[in-house]
Every structure is written in C-alpha cells, then in structure tokens.
Amino acid sequence: MDHFDYRDGVLHAEDVPLPDLAEAVGTPFYCYSTATIERHFRVFSEALAGVGVEPPLIAYAVKANPNKSVIATLAALGAGADVVSIGELRRAMAGGVPADRIVFSGVGKTREELTEALSLGIFQFNLESEPEAEMLSEVAVALGKTAPVSFRVNPDVDAGTHRKISTGKAENKFGVPISRALDAYALAARLPGLDPLGVAVHIGSQLTQLGPMEAAFARVGELIAELRAAGHDIRRADLGGGLGIPYDRSKAVPPLPSAYGEMVARVTRDWGVRLTFEPGRLIVGNAGVLVSRVIRVKQGETSSFIIVDAAMNDLIRPTLYEAWHDILAVEPREGRIAATIVGPVCETGDTFAEDRPISPVDAGDLIAFMTAGAYGATMASTYNSRPLVPEVVVSKEKWAIVRPRPPVESMIDADLLAPWLADKG
Ligand SMILES: *Cc1c(COP(=O)(O)O)cnc(C)c1O
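Residues numbered from 1 in each chain as written. Predicted model: local features only at pLDDT ≥ 70, side-chain atom pairs only at ≥ 80, totals over all residues. Heavy atoms only, no water.

A. How the structure looks around the sheet that holds strand β3 (residues 16-17). An order of β1-β2-β3 is seen for the 3 strands of this open sheet, with the pairing classed as antiparallel. What marks the edges here is a single partner per strand, and that holds for β1 (4-7) and β3. Here β1 pairs with strand β2 (residues 10-13) via 4 bridges, running antiparallel. By the bridge assignment for β2, Tyr6 is matched with Leu11. (Pairing = 2+ DSSP bridges. Helix = DSSP H or I, 4+ residues; strand = E, 2+ residues; numbered from the N terminus.)

B. The pairing of strand β11 (residues 194-200), seen in detail. The element β11 is largely enclosed, with a buried count of 6 among its 7 residues. Strand direction decides the pairing type here: strand β9 (residues 147-154) and β11, joined by 6 bridges, are parallel. Looking at β11, one finds that Pro148 is bridged to Asp195. In this sheet, strand β12 (residues 236-238) lies alongside β11 in parallel orientation, the contact comprising 3 bridges. Bridge pairing in β12 links Gly198 to Arg236. (Buried < 20%, exposed > 50% of the residue type's maximum accessible area, 1.4 Å probe, protein only.)

C. Region of interest: the nonpolar core. Counting residues in each nonpolar core, the largest one holds 100 residues, and the members touching the most others are Phe125, Phe217, Tyr260, Val264, Trp271, Phe277 and Phe369. It is helix α8 (residues 210-229) that contributes the most residues to this core, 8 residues altogether. When near neighbours in sequence (up to four residues on either side) are disregarded, Tyr260 contacts Phe44, Leu48, Leu210, Met213, Phe217, Leu239, Gly240, Leu243 and Phe277. Membership of the second largest hydrophobic core comes to 18 residues, among which are Leu11, Val16, Val25 and Val392. (Core = buried A, V, L, I, M, F, W, Y, C linked by side-chain atoms within 4.5 Å. Contact = heavy atoms within 4.5 Å.)

D. View of the site of the ligand. The environment of the ligand is formed by 14 residues, the closest being Lys63, Ser205, Glu278, Arg281 and Tyr375. The contact in question runs from an oxygen atom of the ligand to an N or O atom on the side chain of Lys63, over 2.8 Å. Within the backbone of Arg281, an N or O atom sits 2.7 Å from an oxygen atom of the ligand. For the ligand, whose unbound accessible area comes to 390 Å², protein coverage reaches 93%. Partitioning the shell around the ligand into residue classes produces 3 nonpolar, 6 polar and 5 charged. (Near = heavy atom within 4 Å. Polar contact = N/O pair within 3.5 Å; in protein donor to acceptor, adjacent residues only side chain to side chain. Areas by Shrake-Rupley, 256 points an atom, 1.4 Å probe, with all protein chains shown as cover. Nonpolar A, V, L, I, M, F, W, Y, C, P; charged D, E, K, R; others polar.)

E. Just unusual backbone geometry, in detail. Geometrically, the link from Thr27 to Pro28 is a cis peptide bond, its omega value of -10 degrees lying close to zero. Its location among the elements puts Pro28 in the loop between α1 (18-25) and β4 (29-33). Although it is not a glycine, Tyr375 sits at a positive phi angle of roughly 55 degrees. With respect to the element layout, Tyr375 can be found in the loop between β19 (366-369) and β20 (391-395).

F. Broad picture of the side chain of Glu130. With respect to the element layout, Glu130 can be found in helix α6 (residues 130-143). Given a relative accessible area of 15%, Glu130 falls into the buried group. For Glu130, the residues in contact, after removing those within four places along its chain, are Phe151, Val176, Arg180, Ala184 and Leu187.

G. Quick look at the domain arrangement of the protein. Domain annotation for the protein reports domain 1 (4-31 + 285-413) and domain 2 (34-280). Between domain 1 and domain 2, the C-alpha centre-to-centre distance is 32 Å. Counting residues at the interface gives 23 residues for domain 1 and 21 residues for domain 2. With both chains or domains summed, domain 1 and domain 2 bury close to 2100 Å², and 48% of this area falls on carbon and sulfur atoms. By the criterion of area lost to domain 2, the three top residues of domain 1 are Asn286, Tyr321 and Tyr375, representing 24% of everything that side buries. The interface formed by domain 1 and domain 2 contains 1 salt bridge. Note that Arg249 is salt-bridged to Asp326, the shortest N-O span being 3.2 Å. For the interface between domain 1 and domain 2, the tally reads 12 residue pairs in polar contact (both at pLDDT 80 or more). Broken down by secondary-structure element, the contributors of at least two residues to the side of domain 1 that touches domain 2 are α11 (317-321), β20 and β21 (398-403). For the side of domain 1 that touches domain 2, the leading source of residues is β20, giving 4 residues. (Domains from an automatic or database assignment. Buried area = accessible area lost by both parts, 1.4 Å probe. Salt bridge = Lys/Arg side-chain N within 4 Å of Asp/Glu carboxyl O.)

H. How the structure looks around a nonpolar patch on the surface. A surface patch of nonpolar side chains, about 380 Å² in accessible area, is lined by Leu417, Trp420 and Leu421. Its location among the elements puts Trp420 in helix α13 (residues 419-422). We classify Trp420 as exposed; its relative accessible area is 62%. (Patch = residues over 30% accessible without salt bridge, like charges linked within 9 Å, V, L, I, M, F, W, Y side chains within 5 Å.)

Structure below.
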C-alpha cells in the first residue's frame, strides 16, 4: 500500500500534485511519502511485536535509502539501523538513531571502521569471517572494551531471487559457512574482547516466498541449540531483511508482513533470544517514485521510443537486475500505446522497459517510475556528467527538498587539474 494516487486525473504524492513539484524542483526527481514510510514501519513492527523474549530491534537497512530525512522519520518511530560502512553509521547517527540501536553488517569492515564503531558503543557487530573476529578482538583489546558480536552464517539456501541479490548460497561471498560455525564461535570465545552473544543470517533481497527464509531460520535454530550445548551464552538472533514487495501491480503480491511474522513466531518460539530484523526495501520501496519528463518520442524501425530525462544513472535497477517498475503517466490521456522507454545515456542498457503498454504521452508530459524508494537514489551515479537527482519528501500537503540538485559546475569543479596540465591552461 502506498500514498501515490490519482485525484481528478493527476497523480499525487499524499496531498501534493506531482506536476506542482515538477514545476518547483525540475525533473527528474525522487519523491518520498512520509505516510507510506511510517505505515510500512508500523505494519512490520506490529507483525513482529510478540516474537522473542523482549521487543525485537527493527534495524532499518540504511543502504536501501540513506537520505537523512528518511532515517530521521524512522528514528522518530524507534527504529534502529543496519549499516554496512562507517559512512552509513555516521549517517544513521546524524539522522537520530542512537548508537546502541545500530547493527554493523558488511563483508569487508576495515580496522578503522571497527575501531570507530566500537568506540561509539553500537548494539552489535555481525562478523562475516574468522579473520574479521581476530581483527575486532585486537581493536577491542586496544580500546579496553568488549565487542558484542554475532557471526553471520551462510546457510546454503537458495533464496529464489535474482542472482545478484542472493546472499545465502554456499558460493556467495557472505557469512561463515554454517558447517564451520561451531569452530568460528569457539575461536571467538577464546579471543579476548569479544562477547559472542548471537547468530545472524540474511539470505537475500526481494524474497517473494517464505519457504527459503523458513529453511534458513530453522538452521539458525539448530545452530543456537548446538552453540548452547557447546557452552556459548547465545542471547540474540538477527534474522536479516529481504522480504519482497510488489513491483508489478498486475502480478501476485509477495507474502505480507503478517504472514512473515506468523512464520517467524512459529520457527523461533523456543529459541529464548531477543530478535533483530533488518528490513530495507519493505519499508521504503513503495514509499518513493522517480518523476521524469518526456523529452521526445521517436519512431524506430520496430518500436516507438519514449525518451525521458531520467536515465540508468538515476535508477539502475532495470539494467542491473532486469527489474520491473510500473511506469505511469502523471496525467494520463485516453487510450493505450506500447513503447520502449529509455533515458538519454549512451548505453543500450539505458532502457527502463521494452514494449510497455502506457497511456499515450507527448514531449513535455510527466511520467512516474513507481516503487523507486529503495535502491533508487542511493545507487545513483553521475555517469554521462549528469548531476545526482534531487530528493523531495512529502507529508500531507507539505513538501521539502531534502537533497537539492547540484549544479553541473560542482561536478566539474570537483576535479583538480594535474599541476603539469594547469600551466598550459
Ligand atoms: C541489504 C541488506 C538488508 C536489507 O535487505 P532488504 O532486501 O532491503 O530488506 C538487510 N541486511 C543485510 C545484511 C543486507 O545486506
């Protein structure tokens, strides 16, 4: 469910007509709905309210949408944060998430990152290897602190998602193979400065079936029992994120948070731990749209092309993951055409949709890429010297630019001329 609806034939974000925003901000731009973000966080929290021995930590996966206003909206509701770099950790805190609600994930944390995070007193480190445990132990000893750690285990489960966002298969780079987990915890227990208090798992993103998650969680449950039998005091389990969302409104919807919550309650009933969840896409995906203007329509040999002013550098999901986004005319006209919708970047991969049915559009019309709130702006680049797309947040009839469009000059001025070239300039 989201808060982007037609009123009198014009697509609105909550109470704000998108053409008004396009007029004020220029195109393309991302637009996020506060009501949708808040609703999704509440629905997810309520679905998991009763699981575990104390209220779970819902740690929003910052990488899905790291805008400070988005983080602050969630922090105000009590959200924690799941971060994968020191940049995300600092962003989470700048958005108002207290350090003791922050989980540090990621396969390549550096000594500097571990040092800063431990000094700040975060909730938990999710370690992805034995050498990382050794490094964190050295950091902890140097700081005279004890680090709360879980190992992220790789359960070798096929999550049934796109291969570029599957993370829980044996051949993926993530986590410690579950077959080696007992040895890894024995090592962590021997190392000074580590408190191995939990187990973590995250098998992938945009998961549209509960079965693979349930299989992975069941393995975590078995591991917790084995770890306790080996003398480890396991008090926490982190079940990651990954629950999928509807991108194509004409298709079956993925499992609802309520169904996910029932499955989690059933599988974890006897674990006796506090649970953590790391939802990203589920919270912000449907809370954002990318609004773009049609530059021109051109006829090719075999299809007609709608050339819009957004491109693959602004929204990379279609070309990176063959992902589908519903594409709507902001002010639809009568009838229906089929067209290939492309951006101006000089790559054939800069194609958002092929032979897509859409309302007839002309140069100057606005279109909206739906479900663009997660892994949209955050994955944007300046390829083809296109400035990063601005971001706008709406709340009822109010709106604010929360990331302005940088001037083209700022990109050019960021480069420094090598001194031997400057002389000739
Ligand atoms: C990306 C990621 C998440 C969030 O995944 P979503 O599919 O957006 O819910 C959670 N945990 C970890 C470790 C991740 O890498």
